[in-house]
Amino acid sequence: MRLGIKDGLPIAIGYLPIALTFGILSIQAGLNPFEATGMSIWVFAGASQFIAINLLQSHAQILEIVLTTFILNLRHLLMSTSLSRKLQATPMISSLLSFGITDETFVVASMSEEKFNIGGKYFLGLAATAYVGWVVGTFIGSLFSQMIPASLTAGMGIALYVMFIGLLVPSMKKSWQITFIAIFSGLMNWIISMVFTSLSSGWTIIIATLIATTVGAFLPQEEEII
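This structure is a prediction, so every number in the text was calculated from the model and none was measured.

Rules behind the numbers
- Residues numbered from 1 in each chain as written.
- Predicted model: local features only at pLDDT ≥ 70, side-chain atom pairs only at ≥ 80, totals over all residues.
- Heavy atoms only, no water.
- Helix = DSSP H or I, 4+ residues; strand = E, 2+ residues; numbered from the N terminus.
- Buried < 20%, exposed > 50% of the residue type's maximum accessible area, 1.4 Å probe, protein only.
- Salt bridge = Lys/Arg side-chain N within 4 Å of Asp/Glu carboxyl O.
- Arc of directions from axis to C-beta.
- Patch = residues over 30% accessible without salt bridge, like charges linked within 9 Å, V, L, I, M, F, W, Y side chains within 5 Å.
- Areas by Shrake-Rupley, 256 points an atom, 1.4 Å probe, with all protein chains shown as cover.
- Axes fitted to C-alpha atoms, helices over the stretch in contact; angles between N-to-C directions.
- Parallel < 35°, antiparallel > 145°, perpendicular 65-115°, else oblique.
- Left-handed = near helix turned anticlockwise from the far one by under 90°.
- Contact = heavy atoms within 4.5 Å.
- Nonpolar A, V, L, I, M, F, W, Y, C, P; charged D, E, K, R; others polar.
- Polar contact = N/O pair within 3.5 Å; in protein donor to acceptor, adjacent residues only side chain to side chain.

Enquirer: Help me get a handle on the environment of R2, residues and values and all.
Expert: Secondary-structure assignment places R2 in helix α1 (residues 2-28). Residue R2 is classed as exposed on the basis of its relative accessible area, which comes to 75%. Between the C-alpha atom of R2 and that of K121, which follows or precedes it by 119 residues, the distance is 8.7 Å.

Enquirer: Please set out the pattern of salt bridges residue by residue, giving values where relevant.
Expert: One pass over the structure, following the stated rule, counts one salt bridge. Close ionic contact of R75 with D103 constitutes a salt bridge, the shortest N to O distance being 2.9 Å. Residue R75 is located in helix α5 (residues 75-84), and its partner D103 is located in helix α7 (residues 103-110); the two are separated by 28 residues in the primary sequence. In this structure R75 comes out as partly exposed when scored by relative accessible area, which is 26%. Of the residues examined, D103 reaches a relative accessible area of 17% and is grouped as buried.

Enquirer: Kindly report on helix α4 (residues 62-72), identifying the contributing residues and their values.
Expert: For α4, every residue scored as buried is listed here: E64, I65, T68 and T69. With its buried residues spanning 115° around the axis, α4 presents them on a single face. In α4, the exposed positions angled more than 90 degrees off the buried face are occupied by I62 and F70.

Enquirer: Break down a nonpolar patch on the surface for me, citing the residues and quoting the values.
Expert: A cluster of nonpolar side chains, L16, L20, V132, V136, F139, I140, L143, F144 and M147, forms an exposed patch at the surface whose accessible area comes to about 750 Å². Taken together, the elements giving at least two residues each to the nonpolar patch come down to α1 and α8 (120-143). Per element, the largest residue contribution to the nonpolar patch is five residues, and it comes from α8. Mapped onto the elements, V136 comes out in helix α8.

Enquirer: Please provide a residue-by-residue account of the packing of α1 against helix α2 (residues 33-42), values included.
Expert: Interhelical geometry of α1 versus α2 gives an angle of 130° and a closest axis separation of 9 Å. Taken together, α1 and α2 sit at an angle that is classed as oblique. Remark: the crossing between α1 and α2 carries right-handed chirality. Residue-level contacts link F22, S26 and I27 of α1 to P33, A36, M39 and S40 of α2. For the contact of α1 with α2, the residue count by class is five nonpolar, two polar and no charged.

Enquirer: Summarise the side chain of T204; cite the residues concerned and give the values.
Expert: Tracing the sequence through the fold places T204 in helix α12 (residues 201-217). A residue is classified by how much of its surface remains accessible, and T204, at 4% relative accessible area, is buried. In this structure the side chain of T204 is engaged in a polar contact, spanning 3.3 Å, whose partner is the side chain of N189. With near-sequence residues (within four places) excluded, T204 lies in contact with N189, I192, S193 and L199.

Put into structure tokens, the structure is as follows:
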């Protein structure tokens, strides 16, 4: 567990500025500090929380928010499946520990010294440390949001797009399929919003994502091209 805490500290430190931004944006979206912190406590999924706040600001329906975040978090299905094969814990403990899976904890756990067998206590220390960093950062950001100048908070709305670009660009560099899907989904989102003007932004994102991922499933793999 001590090793897990040690490996989790860099993640927690990296989470702090993003969590601070989320806390500030949550207050701007109409939540109070307890609601913003509660979302981080119960959800613990940075990208999904940012997009949920964005949808709340656009007055999206609850179903739109749930479906959008569900689709966005489907990648955790693959992460948890991969880690479950290496995690030395009972199915019940593994299910509880799966709450702590994020993009960052997954990568660190996969590259840990325990390469082939990940101890349950190790992952608990890793995930708990990252979790505390995210929750504390959210609370501080939401609590002191009123003390930050309006000129600064106005520019923090771009944090959502910066986060997604930061996650997307490295993958686009490695795979032409991901590049195609990213561009195609953006184009589909724009076309749907232009054609079906009555649809809210939440539904256009859901529909565009489903179409793009369906098309992406039929793209040839690189080895097939060669």
